[in-house]
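Summary of structural features
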Amino acid sequence: MLFLVAALLLFGLVMGTVAHAPFTFTLVAAAVIAAWLGVFALRERHGRRRHTSTSTQ
């Protein structure tokens, strides 16, 4: 429960910061985060494929 309260507090802080940031900065930050998440997803997918193929042999 404490984790949920801390997460909501942090979320409110971040959303408040974004509301006061310039729109172009918000778009650039969103693009950087989206690219990072995409790279992370590709690395996870590639790592799982490699791991499962070696564990079945």
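Located above this text is the structure these notes cover.
Computed from a prediction, not measured in an experiment: that's the story for all the values here. (Residues numbered from 1 in each chain as written. Predicted model: local features only at pLDDT ≥ 70, side-chain atom pairs only at ≥ 80, totals over all residues. Heavy atoms only, no water.)

Quick word on the overall build of the protein chain
Selection criterion: Labels follow the DSSP assignment, with helices taken as runs of H or I lasting at least four residues and strands as runs of E lasting at least two, numbered in each case from the N terminus. In this description, accessible areas are obtained by the Shrake-Rupley approach with a 1.4 Å probe, and a residue is regarded as covered only by the protein chains that are shown.
Scanning the protein chain from N- to C-terminus turns up 2 helices and 0 strands. Entry remark: accessible area of the protein chain is about 5500 Å², with carbon and sulfur atoms responsible for 75%.

Points about the packing of aromatic side chains
Aromatic rings considered in pairs are described by the distance between their centres and by the relative angle of their planes. What counts, and what does not: Two rings from Phe, Tyr or Trp (for Trp, the six-membered ring) form a pair when their centres are within 6.5 Å of each other. A pair whose planes differ by under 30 degrees is stacked, one over 60 is edge-to-face, and the rest are tilted. Buried, partly exposed and exposed residues are distinguished by accessible area as a fraction of the type maximum, computed with a 1.4 Å probe on protein chains only: under 20%, between the cut-offs, and over 50%, respectively.
Applying the stated rule across the entire model yields 1 aromatic pair. Between tryptophan 36 and phenylalanine 40, the aromatic rings sit 6.1 Å apart at their centres with planes inclined by 25°, giving stacked as the arrangement. On the criterion of helical spacing, the pair formed by tryptophan 36 and phenylalanine 40 is a turn pair, its members being 4 residues apart in helix H2 (residues 23-55). Using a relative accessible area of 58% as the deciding quantity, one classes tryptophan 36 as exposed.

A few points about a nonpolar patch on the surface
Our working rule: Patch membership requires over 30% relative accessible area and the absence of a salt bridge. Like charges are linked within 9 Å, and nonpolar side chains (Val, Leu, Ile, Met, Phe, Trp, Tyr) within 5 Å. Salt bridge, as used here: a side-chain nitrogen of Lys or Arg that lies within 4 Å of a carboxyl oxygen of Asp or Glu.
Together, Met1, Leu2, Leu4, Val5 and Leu8 make up a nonpolar patch on the protein surface, roughly 600 Å² of accessible area in all. Relative to the assigned elements, leucine 4 resides in helix H1 (residues 2-20).

Interpretation note: all reported values are geometric properties and have no functional meaning in isolation.
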